[in-house]
Amino acid sequence: MLVCLTALGVGGATILGTILGLPCKKMSHRFSDIVLAFAAGVMLSAAILGLILPAIEREENGGLLITLLGIFAGAGCISLVDRIVPHIHKLIGWEEDMQVHNLHADRLLLFIAAMAIHNFPEGLAAGVSLGSGDLKAALLISGGIALQNVPEGLVTVAPMLAAGFRPRKAFLCGMTTGLIEMVGTFVGFFAVTLASVVLPFCLAFAGGTMLFVISDEMIPETHDHGNERAATYALLFGFSMMLITDVLLA
């Protein structure tokens, strides 16, 4: 039951953000960069505090070595998938006025697949943290992911509307990415519960996937339009907010 609620929370937050973004056909680069940077800060804090550090603390199963292997395995896995599926910004073709060109219906499946690269690791992280049995870490990870998924869903749907997608189709795309996140939650949870001996590796693997997405996709995107200073402070704000939450849950 708890894993179902967690999956519904993290995936539902993306869908909620998609709904909130339906009225927004135009969105400035500055607003988009700040929102994505805030989400990156939340994810960065959640990955470190809720996944990587707990993996290191489980010394009976390898501790630091297993954690490092898990981080690079997670990053390598996402990197491999990322080479197969085009980057989101290359696929939709951002212009300075946030309009999108050459986004045709036959590329819709590729767009959803590119979003899956971003969202699946988040669901995986939520599921793994829940399967670890550490309720505090699970709350931190799941709450942080749900928090950043709302503005992230909003930012995702706006370019599709600007490209001429009908609201219904844009909503279905956003809903699909949310469902993918739910699937990731179940995969992470059952992978850990079926093989608890590999828990530290799974925690670090999920953390590595999140770190890769943050560094390879989110931060470069927020620093590519002249808003790097505002984006940096937004990232710090998101990171600090999750840090405060972690202390309060202690």
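Provided above is the structure to which this section pertains.
This one's a predicted model, so the numbers in the text were calculated from it and none came from an experiment.

Broken down by element type, the protein chain carries 9 helices and 0 strands. Reading the helices (α) and strands (β) of the protein chain from amino to carboxyl end gives α-α-α-α-α-α-α-α-α. Looking at the 250 residues of the protein chain, the share that counts as buried comes to 53%. Element-wise, carbon and sulfur atoms account for 70% of the exposed surface of the protein chain, whose accessible area totals about 11,300 Å².

So, on to the nonpolar core. Residues Leu51, Ala125, Val128, Ile141 and Met218 are the most contacted members of the largest nonpolar core, which totals 39 residues. Those elements that place two or more of their residues in this core are helix H2 (29-57), helix H3 (64-84), helix H5 (108-131), helix H6 (135-162), helix H8 (199-222) and helix H9 (228-249). Ranked by residues supplied to this core, first place goes to H2 with 12 residues. Once residues lying within four places of it in the same chain are set aside, the contact partners of Val128 are Gly188, Phe189, Val192, Leu199, Cys202, Leu203 and Ala206. The next biggest cluster of nonpolar side chains, apart from the first, holds 6 residues, and it includes Val157, Met160, Phe165 and Cys173.

Attention now moves to the packing of H3 against H8. Two elements in contact, H3 and H8, have axes whose closest approach is 6 Å; the angle formed by their N-to-C orientations is 50 degrees. Compared by their axis directions, H3 and H8 come out oblique. Read as a crossing pair, H3 and H8 show a hand that is right-handed. Across the interface between the two elements, Ile66, Thr67, Leu69, Gly70, Ile71, Ala73, Gly74, Ala75, Cys77, Ile78, Ser79 and Asp82 from H3 touch Pro200, Phe201, Ala204, Phe205, Gly208, Thr209, Leu211, Phe212, Val213, Asp216 and Glu217 from H8.

Right, let's get into the side chain of Thr209. Within the secondary structure, Thr209 sits in helix H8. Non-local contacts of Thr209, meaning those with residues more than four positions away in its chain, are made with Gly74, Ala75, Ile78 and Pro121.

Glancing now at a nonpolar patch on the surface. On the surface, Leu2, Leu5, Leu135, Leu139 and Leu249 cluster together into a nonpolar patch covering about 470 Å² of accessible area. Within the residue set of the nonpolar patch, elements represented by two or more residues are helix H1 (2-21) and H6. Here Leu5 lies in helix H1.

Another aspect to go through is the packing of H2 against H3. Two elements in contact, H2 and H3, have axes separated by 7 Å at closest approach and are oriented at 145 degrees. For the pair H2 and H3, the crossing hand works out as right-handed. For the pair formed by H2 and H3, the contact residues are Ile52, Ala55 and Ile56 on the first element and Leu64, Thr67 and Ile71 on the second. Considered class by class, the residues forming the contact of H2 with H3 number 5 nonpolar, 1 polar and no charged.

Here the structure, examined in full by the defined rule, presents 4 aromatic pairs. The interplanar angle of 35 degrees and the centroid separation of 6.0 Å between the aromatic rings of Phe38 and Phe237 together place this pair among those described as tilted. Taken as a pair, Phe38 in helix H2 and Phe237 in helix H9 lie far apart in primary sequence, 199 residues in all. Since its relative accessible area comes to 15%, Phe38 is described here as buried. Residue class for Phe237 comes out exposed when judged on its relative accessible area of 53%. Taken together, a centroid distance of 6.3 Å and an interplanar angle of 10 degrees make the contact between Phe186 and Phe190 stacked. Taken together, the residues span about one helical turn, with Phe186 and Phe190 both in helix H7 (residues 167-194) at a distance of 4 residues. Taken together, Phe186, Phe189 and Phe190 form an aromatic cluster joined through their ring pairs.

On to H8, then. Between its first and last C-alpha, H8 extends 33 Å over 24 residues, near the 34 Å set by a 1.5 Å rise per residue. The sharpest bend along H8 reaches about 35 degrees and sits at Ile214. With 18 of 24 residues buried, H8 lies mostly within the body of the structure.

Moving on to the side chain of Asp33. Note on placement: Asp33 falls in helix H2. The buried charged residue Asp33 lacks any salt bridge, with Arg30 as its nearest oppositely charged partner at 7.8 Å. In this structure the side chain of Asp33 is engaged in a polar contact, spanning 3.1 Å, whose partner is the side chain of His225. Sequence-distant contacts of Asp33, defined by excluding residues within four places in its chain, comprise Glu221, Thr222, His225, Asn227 and Ala231.

About the criteria used
- Residues numbered from 1 in each chain as written.
- Predicted model: local features only at pLDDT ≥ 70, side-chain atom pairs only at ≥ 80, totals over all residues.
- Heavy atoms only, no water.
- Helix = DSSP H or I, 4+ residues; strand = E, 2+ residues; numbered from the N terminus.
- Buried < 20%, exposed > 50% of the residue type's maximum accessible area, 1.4 Å probe, protein only.
- Areas by Shrake-Rupley, 256 points an atom, 1.4 Å probe, with all protein chains shown as cover.
- Core = buried A, V, L, I, M, F, W, Y, C linked by side-chain atoms within 4.5 Å.
- Contact = heavy atoms within 4.5 Å.
- Axes fitted to C-alpha atoms, helices over the stretch in contact; angles between N-to-C directions.
- Parallel < 35°, antiparallel > 145°, perpendicular 65-115°, else oblique.
- Left-handed = near helix turned anticlockwise from the far one by under 90°.
- Patch = residues over 30% accessible without salt bridge, like charges linked within 9 Å, V, L, I, M, F, W, Y side chains within 5 Å.
- Salt bridge = Lys/Arg side-chain N within 4 Å of Asp/Glu carboxyl O.
- Nonpolar A, V, L, I, M, F, W, Y, C, P; charged D, E, K, R; others polar.
- Phe/Tyr/Trp six-rings, centres within 6.5 Å; stacked < 30°, edge-to-face > 60°.
- Expected span 1.5 Å × (residues − 1).
- Bend = angle between axes of the 7 residues up to and from the residue.
- Lys, Arg positive; Asp, Glu negative; His and termini not counted.
- Polar contact = N/O pair within 3.5 Å; in protein donor to acceptor, adjacent residues only side chain to side chain.

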